[in-house]
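Examining the three-dimensional arrangement
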Amino acid sequence: MSRIESTMQALAAQGRQALIPFITAGDPNPGVTVKLMHALVAGGADIIELGVPFSDPMADGPVIQRASERALAHGVSLRQVLAMTAEFRQTDTKTPVVLMGYANPVEAMGYEVFAKAAAEAGVDGVLTVDLPPEEADECAGILKAHGLDLIFLLAPTTPVSRQLAVQRLARGYVYYVSLKGVTGAAHLDVDSVAAKLAELRKNISLPIGVGFGIRDADTARRVAGVADAVVIGSRLVQEVEAGEAGLAERLTAFLAGVRSAMDTART
Amino acid sequence: MNEPLHYHQPDERGHFGQHGGIYVAETLMSALDELRIEYEKAINDSEFMAEYRYELKHYVGRPSPVYHAKRWSEQLGGAQIFLKREDLNHTGAHKVNNTIGQALLARRMGKKRVIAETGAGQHGVASATVAARYGLECVVYMGAEDVARQSPNVFRMKLLGATVVPVSSGSKTLKDAMNEAMRDWVTNVDSTYYIIGTCAGPHPYPMLVRDFQCVIGDEAKVQMQDMIGRQPDAVIACVGGGSNAIGIFHPYIEVPGVRLIGVEAGGDGVETGRHAAPLTANAKTGVLHGNRTYLMQDENGQIVETHSISAGLDYPGVGPEHSYLKDIGRAEYVAVTDDEALKAFHDLCRYEGIIPALESSHALAYASKLAPTLSKDQVLLVNLSGRGDKDIPTIAKLDGIQL
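Residues numbered from 1 in each chain as written. Chains lettered and ligands numbered in written order. Predicted model: local features only at pLDDT ≥ 70, side-chain atom pairs only at ≥ 80, totals over all residues. Heavy atoms only, no water.

Quick look at the overall build of chain B
- Per the secondary structure count, chain B includes 15 helices and 14 strands.
- Here chain B has a C-alpha radius of gyration of 19 Å; the compact-globule value for 403 residues is 22 Å, and the two agree.
- Considered along the principal axes of its C-alpha atoms, chain B spans approximately 55 × 50 × 45 Å.
- The buried share of chain B, taken over its 403 residues, is 65%.
- Long-range pairs, those at least 24 residues apart, make up 74% of the contacts in chain B with a sequence separation of at least 6.
- When the accessible surface of chain B is split by element, carbon and sulfur atoms take 50% of a total near 14100 Å². (Helix = DSSP H or I, 4+ residues; strand = E, 2+ residues; numbered from the N terminus. Rg over C-alpha atoms; globule rule 2.2 N^0.38 Å. Buried < 20%, exposed > 50% of the residue type's maximum accessible area, 1.4 Å probe, protein only. Contact = heavy atoms within 4.5 Å. Areas by Shrake-Rupley, 256 points an atom, 1.4 Å probe, with all protein chains shown as cover.)

Below, the structure is given as structure tokens:
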């Protein structure tokens, strides 16, 4: 059983939902990333999504674009992101780490080389935003052989036929993008998310996380009422952008507030 | 070539061999599906195609002539150079062939708003033009650096009623404009049609843009037969994303004995690394803007900044069909430098009284290198993809002239 699977099962057994924060590796500089990952765990993170910076983040809004640019200004590469994960693993063997980014840096390294290095570094899952299931067969096979879970996005517009294609290749959890747009957009409608998740669960047996547009503890609490996991990204990256002073403490405090709101979601 | 080539690309998921495909976030998948289905219906709808052809004839002014550049050919002392005059189209470039087709598609799909990315501004102008023509709202994304170096086109787009949004992320050029247009599309997908200007992007765009640009080569085949009683020995076109090149190449792919030569932007020289010539530089394949293709990137898979005097060729990738034509050896790809393109620009002005676009000047420059190596009875057909009025400020600045 993968670390993601066992984490999800343990939470489900307690009637709780996973809290999945996202930060971009190397933002604001490569030296603080591991410390920030530990700070996220201290705030109640169950899984960490670690953004791999890319020069052309087509699916991201301005907040995460700027995070990518800050990291790239320090020359942060996929290999360095793997090294950061390995360093995190020296003191945290429990919290799953999912690398989230775009296909090209992985392609450039080569799927086989990447999968081997990622598994050795202690990475648990991989989410490549621009690799839909139609193009993912080769990647999925290689990642699976190395014990890595391939995470897919689902959208409000994903038809049943493609839900089934995702179900065939996905492992760990799936990530439901709760609205049209790029990361960091506003206005998440929890009622429509609830309706859509009910439909998705007919075809998707994995836990379903919800992200895009979750910016505060109250929204997280309401989403936790209908989803298996809550993903928070741009809101945390804004915290990083606000300055390095007291950053780890601020991230921990913000997530702790979200965590406690989520844990009161189900009575 | 001895064996006749039977060419039918792409496959049903948009692959040209190992290139092409659909590499986008899940949020765009259904919009691309909808587009593909509507496009297939449209091209099989005789009414739609009749309207497209009517617009090309009466609004764009097609067919564009083929012109024998006799003085320049004589001066070069070799093969005869013929020019396919896409510069004479309404809006001054080949781009309008595609924007007419896509705007008709947008209207057919009930979209009230169109968006576009632009480099040199030619596609932006062509998009703004058809948006005005069909009463659609139009937003054009343009790299902030390109806004500065192509100011006449920025003003033209505004005159036509479009909103021009300067993009300041990344390298502030065409690729970043395309990222921003994709972000707009994913956010406003219900109301908005994205008019991609080149034969790149996720399927079905490379196929659809090619099909709308094939009018260039289809006409040229008839015109060459009329003028010289045969087809040219080589067809030469500049390649950034490669839409004018694929438009003139594609109808010739199955014609034996016609060399197809794509000319990339060599910038300061391919050996300097400051260029925009992924095919000539043997770049590795990669994934950008929804398709797999040869791509200029560093060893970590980050897309590198390109360099060209020509904003329209300043792109790190290339349409996937060009990558495929390179793989199968049906087309050759070469590069010329900024300086070589500039010389060809001036030569065409002085010998033929035609001011070419800097993009097209790359194709002209290669023709001027090739022609003297060939005999006087050989024929080169160069796609003169656009006129150079928009480049006059750039040229004046280089010559130290204040306009």
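After presenting the structure, the write-up continues.
Examining the pairing of strand β13 (residues 331–336) of chain B
All names here are of chain B.
- Most of β13 sits out of view: five of its six residues are buried.
- Two strands pair when backbone bridges link them, and strand β10 (residues 259–265) and β13 are joined in this way by six bridges, in the parallel orientation. Counted as the bridge partner of E264 is A335 from β13. (Pairing = 2+ DSSP bridges.)

Some words on empty space enclosed by the protein
Residues and elements named next belong to chain B.
- Counting across every chain of the model gives eight cavities of 30 Å³ or more.
- In this structure, the largest cavity encloses a volume near 320 Å³.
- Around the largest cavity sit 29 residues that line it, and H94, K95, S243, G312 and E359 are the ones nearest its centre.
- Every element with two or more residues in the lining of the largest cavity is listed here: β5 (113–118), α5 (122–134), α8 (174–187), α11 (243–249) and α14 (358–370).
- Each residue belonging to the lining of the largest cavity can be placed in one class, and the counts come to nine nonpolar, 17 polar and three charged. (1 Å grid on protein atoms, 1.4 Å probe; cavity = no way out; pocket = protein on both sides within 12 Å on 5 of 7 lines; lining within 4 Å. Points joined across faces, edges and corners; volume = space filled by probe spheres on them. Nonpolar A, V, L, I, M, F, W, Y, C, P; charged D, E, K, R; others polar.)

A look at the interface of chain A and chain B
- Every contact between the two is made by 36 residues of chain A and, on the other side, 38 residues of chain B.
- There are three salt bridges connecting chain A and chain B.
- For B:K175, the salt bridge is made with A:D56, and the minimal N-O distance between the two is 2.9 Å.
- Where chain A meets chain B, there are 21 residue pairs in polar contact (both at pLDDT 80 or more).
- Elements represented by at least two residues in the side of chain A that touches chain B include exactly α3 (62–73), α5 (103–109) and β6 (152–154) of chain A.
- For the side of chain A that touches chain B, the element with the highest residue contribution is α5(A), accounting for five residues.
- Counted by class, the side of chain A that touches chain B contains 20 nonpolar, seven polar and nine charged residues. (Salt bridge = Lys/Arg side-chain N within 4 Å of Asp/Glu carboxyl O. Polar contact = N/O pair within 3.5 Å; in protein donor to acceptor, adjacent residues only side chain to side chain.)

Side note on the pattern of salt bridges
- Throughout the structure, instances matching the rule amount to 46 salt bridges over all chains.
- Of the charged contacts in the structure, one is a salt bridge between B:R62 and B:E86, with a shortest N-O distance of 2.6 Å. Linking B:R62 in the loop between α2 (46–60) and β3 (66–68) with B:E86 in the loop between β4 (80–85) and α4 (95–108), this pair joins segments that are 24 residues apart in sequence. B:E86 shares its class with B:R62; the two are buried.
- Residue B:R210 pairs with B:D211 through a salt bridge whose shortest N-O separation is 3.1 Å.
- One network of salt bridges, with partners in common, ties together A:R16, A:D46, A:R259 and A:D263.

Quick word on the packing of helix α6 (residues 111–121) of chain A against helix α7 (residues 137–145) of chain A
All names here are of chain A.
- For the pair α6 and α7, interaxial distance at closest approach is 9 Å and the crossing angle is 30°. Handedness of the crossing formed by α6 with α7: right-handed. On α7, the residues that touch Y111, E112, F114 and A115 of α6 are E138, C139, I142 and L143.
- Partitioning the contact of α6 with α7 into residue classes produces six nonpolar, no polar and two charged. (Axes fitted to C-alpha atoms, helices over the stretch in contact; angles between N-to-C directions. Left-handed = near helix turned anticlockwise from the far one by under 90°.)

Thoughts on the sheet that holds strand β6 (residues 137–143) of chain B
Residues and elements named next belong to chain B.
- Overall, parallel pairing links the four strands, which are arranged β7-β6-β5-β8 in an open sheet. Strands at the two margins of the open sheet, each flanked by one partner only, are β7 (163–167) and β8 (192–195). Within this sheet the neighbouring strands show an average axis-to-axis angle of 25°, counted without direction.
- The pairing of β6 with β7 spans five bridges and is parallel. Within the sheet, the bridge partner assigned to V139 lies in β7 and is T163.

A short note on a nonpolar patch on the surface
- Side chains of B:I355, B:I392, B:I401 and B:L403 sit close together on the surface and give an oily, nonpolar patch of about 390 Å² of accessible area.
- Relative to the assigned elements, B:I401 resides in the segment after α15 (392–398). (Patch = residues over 30% accessible without salt bridge, like charges linked within 9 Å, V, L, I, M, F, W, Y side chains within 5 Å.)

Quick notes on the nonpolar core
- Of all hydrophobic cores here, the largest spans 196 residues; its most connected members are A:L99, A:F114 and B:Y193.
- B:V263, B:V334, B:A344 and B:L384 belong to the second-largest nonpolar core, a separate cluster that totals 29 residues. (Core = buried A, V, L, I, M, F, W, Y, C linked by side-chain atoms within 4.5 Å.)

The values reported here are purely geometric and, on their own, carry no functional implication.
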